[in-house]
Amino acid sequence: MTVVTLEEDTGIKKIRQFQSALRDAIRAPDEVMLDFSAVRRLDCAAVQVLLAAAREMRETSKSMKMRGVNEAVRNQLYLCGLR
Amino acid sequence: MEDAGIREVFYKESREILDNLEADILMLEEMSDPDVVNRLFRYFHTLKGSSGIAGYKNVYEFTHKIESVLDRVRSGGIEVNRELVDLLLGSLDWVREAIAGDDVASGEAKQALIAKTNVLMGTVEPASEPVSNAGAGGEPAREIEVGYRYFRVHAGFRDDVFESGIDPLLIMEDLAALGKFVDRRVDRSKLPLLTDMDPEKCYLSWDLVLKTKQPPNKVDEVFLFVKDDNDILIEDITAMYTSETPVQDHSEEKKLGEILTSKGILTEQELTDVLSSLEKNKKLGALIVEKGYATDKDLQFALNEQEKIKKRVETSTVRVDTEKLDGLLNLLGEIVIGQSAINRIADELDEEKGFQLKNALYGLDRVTREFQEQIMSIRMIPVGPSFEQFRRFVRDSSQALGKDIRLEIEGGETELDKTVIEKIGDPLKHMIRNAIDHGIEPPGERESAGKERMGRIMLRAYHQEGNVFVEVADDGGGVNFRRLREKAEAMGILKQGDEVNEQKLLSILFMPGFSTAEKVGELSGRGVGMDVVKTNIESLRGSVEIDSHPGKGTTFRVKLPLTLAIIEGMLVRVGGSIYIIPLLSIVESMQPRREDIRTVKEKGEVVQVRGEYVTLVRLYDLFGIKPEFSNPWESLMVIVESGMSRVGIMIDELLGQQQIVIKSLENYISRSRALSGAAILGDGRVALIIDVHGLVEELSK
């Protein structure tokens, strides 16, 4: 399993870094685990990258799991239509 | 189920309980009866549990205190006197006000009542206990009132919006904080592939319907800094929601494509593409998968969603007063009685006329049966919605106990008579509470036992053999048989050295006042509950059994009849009286041989049937009537089954089977548990219905 650990300030400032981390993780053959433990909230830019990644994972029938998602982030993901 | 839905259920339920409470408290003033105290305790216990679920924290805390007082009364620590009755009545009034949302006088009244409680209990609590009217308690009741506005919001952002330091998600969160989204669509069609996307650009837009109590300017203010150079549209659509026919999205049947796009699985563009290339006789779902826009799993998810929405549409379209349905069913019962009367007359006519009349009656009979099935089907509703209300309960209660528990629901589409559904809510709540409190172990304990940290409670419903089964299963530690035994011995239910099997031990859990919990928990442990479960379920002509495996978990299995109103019954005659035995309970009927009848110590008279001993019940003895035959080998025997036991009921004659519309027997007519009701026969005679479960219970005493 490939684990991508999100940093506390994952967002617009480090968005390209996050994008490439997810891109690499998707290319890996095994399933992806996103660790949100350090994240208190996300911004729109980060969620967009996540949405795009989730869509591509779905297309390749690979699963993307999340752990350490707090209530605020859960609500944010919900607001953006990620179930 | 939404919060308002839960509150509404609670509101209805509590009103009934409060009415019963008042009568019982007044009865207590007249005579100090332990049964009444027990009942009062249960009522407050139920109120406590449901108020907790519905979010009335102040009612929850308060009823917990009253429950403690009643527990002390039960154990003889507090005397029943005027002072106690005053306190109880005052508490009842306070709870009533708090539930109705009347918080003007509640704070002071509550403090005074708590002070009285403390005096009775001999405890002193900090006088400065916060009055939580403004909190979870007072709020919900007001929320049920009107005063909501609905706004349709479209929020599309410039792709360079991030550059100006604006986070659209933050704006959406601010909007969400104003109320609740009753519809939410996120347009992700512009979102490029991960590799192709410029992550510093904004690709998302939102279409939402917000339900809020805030005025329009508050909604406008959220978009203050973006409305000029972004695509923001706000429309007040309150009128659409308050009209006679609400235009709510979720009450309309949705198409599969719409669901897939609203869940973000499919983009609008992809959907248009699929729809344009859709050929005749080809299914949309299949094409979507074929084109690789969604996986089979996504599709299944969307289909399930569609099914759910459809169910919601179906159930929400039935708005008939249940009393009218009951009335209809009763009238139908009268028609059936009339029919059998005509049938009897046909028997007495000359052959030709009788034949003609009977033929005409067959046709009528078919129609009435169909009619009856139709009425019954109106009364049947899926159990799903009432199961859903437990999700919040499981979540909140498990968190309060520091446990991690997931509630899984299976068979929510199983249909059951509305009356039955209404009445199983309470017992189910008790069983779930029990599973949370005693069943599932704390996360650490689970891990060291090699289990997942998260516990699982499964609420399952299914049809089997003309009954509905509802199971509450947990994957916890199972019943500790050793402790159960110790406790039973300490309470004098069992003697040391008594040999009992596990099933018998488990049945002790249903005795009033029995609990293995070490301490009284917030949720359970006072030993009230499981006996309520049993009593409530039996009053529905159902039964409950427990299955427990150490380390693996416990399953409560409730068996319920499909309906309470009609049974398929076998008419039997004993002397001049006619009795009805529910067909579902009958295993076989036979004439016993003289040599098979014995008397066994502690079991009484038994008949040997294929190597098994069946207790013989002489109905005429039980009901004090004169039979035609008093020797079992001359009479017939109907073998009935209840749970694990079988008994043989001795009768004079089998008259035939018939659909029976049950008329209830008031308590003062019969105190015998062996009877569950009565029916009127075609010739106007009354036949009593035998309650096989009650009969077996009565015999085992």
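Residues numbered from 1 in each chain as written. Chains lettered and ligands numbered in written order. Predicted model: local features only at pLDDT ≥ 70, side-chain atom pairs only at ≥ 80, totals over all residues.

1. A closer look at the overall build of chain A
Along its length, chain A carries three helices and three strands. When its helices and strands are written in sequence order, chain A yields β-α-β-α-β-α. Out of the 83 residues belonging to chain A, those deemed buried represent 35%. Counting contacts in chain A only where the partners sit at least 6 residues apart, residues at least 24 apart contribute 86% of the total. (Helix = DSSP H or I, 4+ residues; strand = E, 2+ residues; numbered from the N terminus. Buried ≥ 20, exposed ≤ 12 C-beta atoms within 10 Å, placed from the backbone. Contact = placed C-beta atoms within 7 Å.)

2. Focus: the overall build of chain B
Counting its regular elements, chain B contains 23 helices and 22 strands. Relative to its full complement of 701 residues, chain B shows a buried share of 32%. Long-range contacts, defined as pairs at least 24 residues apart, comprise 68% of the intrachain contacts of chain B with a sequence gap of at least 6.

3. Quick word on the interface of chain B and chain A
Reports often express the size of an interface as the amount of accessible area lost when the parts come together. Tallying the contact residues gives 24 residues for chain B and 26 residues for chain A. Among the elements that line the side of chain B that touches chain A, the one with the most residues is helix α7 (residues 168-176) of chain B, at five residues. Of the residues assigned to the side of chain B that touches chain A, the class counts are 14 nonpolar, four polar and six charged. (Nonpolar A, V, L, I, M, F, W, Y, C, P; charged D, E, K, R; others polar.)

4. Here's the deal with the sheet that holds strand β6 (residues 405-410) of chain B
Residues and elements named next belong to chain B. Strand order in this open sheet of five strands is β6-β8-β9-β11-β10, and the pairing throughout is mixed. At either margin of the open sheet sits one strand with a lone partner, and together these are β6 and β10 (543-549). The mean inter-strand angle of the sheet, taken between neighbouring strand axes irrespective of direction, is 15°. Sheet topology places strand β9 (residues 467-474) next to strand β11 (residues 553-561); seven bridges connect them, and they run antiparallel. The residue of β11 that forms the bridge with V470 is V558. The strands touched by helix α21 (residues 530-539) within the sheet are β10 and β11, with β10 carrying the most contacts at an inclination of about 135°. (Pairing = 2+ DSSP bridges. Axes fitted to C-alpha atoms, helices over the stretch in contact; angles between N-to-C directions.)

5. A word on the nonpolar core
Among the nonpolar cores identified, the biggest contains 63 residues, and L40, L70, V95, V394, I432, I457 and V472 of chain B are the most heavily contacted of them. Built from parts of two domains, this core gets at least three residues from each of domain 1 (3-144) and domain 4 (383-561) of chain B. Here L70 of chain B is in contact with V37, L40, F41 and F44 of chain B, once residues within four sequence places are set aside. Ranked by size, the runner-up nonpolar core spans 44 residues in total, among them L22, I26 and V39 of chain A together with C202 of chain B. (Core = buried A, V, L, I, M, F, W, Y, C linked by C-beta atoms within 7 Å. Domains from an automatic or database assignment.)

6. Some thoughts on the confidence of the model for chain A
Overall, the prediction assigns chain A a mean pLDDT of 88, with 99% of residues at 70 or greater. Here strand β3 (residues 64-67) of chain A stands out as the element of chain A with the lowest mean pLDDT, 86, in contrast to helix α1 (residues 15-27) of chain A, whose mean of 91 is the highest. (pLDDT = per-residue confidence, 0-100.)

7. Points about helix α23 (residues 692-700) of chain B
Taken as a whole, α23 of chain B has its buried residues at V692, H693, L695 and V696 of chain B. Buried residues in α23 of chain B, looked at end-on, bunch into an arc of 165°, giving them a common side. (Arc of directions from axis to C-beta.)

8. Things to note about the pairing of strand β8 (residues 455-464) of chain B
All names here are of chain B. Relative to β8, β6 runs parallel, the two sharing six bridges. When the sheet's bridge partners are listed, L407 is paired in β8 with I457. Relative to β9, β8 runs antiparallel, the two being bridged by eight bridges. Bridging across to β9, H463 finds its partner in V468.

9. A short note on unusual backbone geometry
Residues and elements named next belong to chain B. In this model, R610 sits at a positive phi of 45°, which is unusual for a non-glycine residue. Tracing the sequence through the fold places R610 in the loop between β16 (604-609) and β17 (612-618). Owing to 6 C-beta atoms within 10 Å, R610 belongs among the exposed residues under this scheme.

10. With respect to the environment of T554 of chain B
All names here are of chain B. Tracing the sequence through the fold places T554 in strand β11. Here T554 falls in the buried class, since 25 other C-beta atoms lie within 10 Å of it. For T554 and V479, which are 75 residues apart along the polypeptide, the C-alpha to C-alpha distance reads 6.9 Å. If near-sequence neighbours (up to four positions away) are discounted, T554 is found in contact with G439, D474, G476, G478, V479, I546 and S548.

11. Description of the confidence of the model for chain B
All names here are of chain B. Scored by pLDDT, chain B has a mean of 79; 86% of the residues are at 70 or more. By mean pLDDT, helix α6 (residues 138-144) is the weakest element of chain B at 33, and α7 is the strongest at 92. Note on residues 124-146: pLDDT is under 50 here. Beyond four places in sequence and across chains, it has 35 contacts. Every residue in residues 518-527 scores below 50 in pLDDT, and together they form 22 contacts with partners more than four places removed in sequence or on other chains.

12. Brief notes about the sheet that holds strand β1 (residues 149-156) of chain B
Strand pairing in a sheet relies on backbone hydrogen bonds. The paired strands run either parallel or antiparallel. Residues and elements named next belong to chain B. Reading across from one edge, β2-β3-β1-β4 is the order of the four strands in this open sheet, with antiparallel pairing throughout. Of all strands in the sheet, those bounded by a partner on one side alone are β2 (179-187) and β4 (231-236). Geometrically, the sheet is characterised by an average inter-axis angle of 15° between neighbouring strands, direction not taken into account. Bridge count for β2 against strand β3 (residues 205-212) is eight bridges, and the pairing is antiparallel. Each residue of the ladder has a partner; that of G179, found in β3, is T212.

13. Regarding the packing of helix α17 (residues 418-439) of chain B against α21 of chain B
Residues and elements named next belong to chain B. Their axes nearest at 9 Å, the elements α17 and α21 cross at an angle of 150°. Classified by the angle their axes make, α17 and α21 are roughly antiparallel. By crossing handedness, the relation of α17 to α21 is classed as left-handed. Residues K423, D426, P427, H430, M431 and N434 of α17 touch α21, and the partners they reach there are M530, V532, V533, N536 and I537. (Parallel < 35°, antiparallel > 145°, perpendicular 65-115°, else oblique. Left-handed = near helix turned anticlockwise from the far one by under 90°.)

14. What to know about helix α15 (residues 351-379) of chain B
The end-to-end C-alpha distance of α15 of chain B is 41 Å, a good match for the 42 Å that 29 residues give at a rise of 1.5 Å each. Of all 29 residues in α15 of chain B, two are buried, a share of ten percent or less. (Expected span 1.5 Å × (residues − 1).)

15. Some details on the pairing of strand β15 (residues 597-600) of chain B
All names here are of chain B. Relative to β16, β15 runs antiparallel, the two being bridged by four bridges. Each residue of the ladder has a partner; that of I597, found in β16, is V607. Here β15 hands over to β16 after three residues, with E602 in that stretch at a positive phi of 65°.

16. Considering the environment of I26 of chain A
Looking at the secondary structure, you find I26 of chain A in helix α1. Residue classification places I26 of chain A among the buried positions, given that 20 C-beta atoms sit within 10 Å. Taking the C-alpha atoms as reference, I26 of chain A lies 8.6 Å from K62 of chain A; in sequence the two are 36 residues apart. Setting aside chain neighbours within four positions, we find I26 of chain A in contact with V32, A53, E56 and M57 of chain A together with L194 of chain B.

17. Regarding the environment of N230 of chain B
All names here are of chain B. Position of N230 among the secondary structure elements: in the loop between α8 (216-222) and β4. Note on N230: 18 C-beta atoms within 10 Å, which makes it partly exposed. Spatially, the C-alpha atoms of N230 and V161 are 8.6 Å apart, while their sequence positions differ by 69 residues. Filtering out sequence-adjacent residues up to four positions away, N230 remains in contact with G156, F157, R158 and V161.

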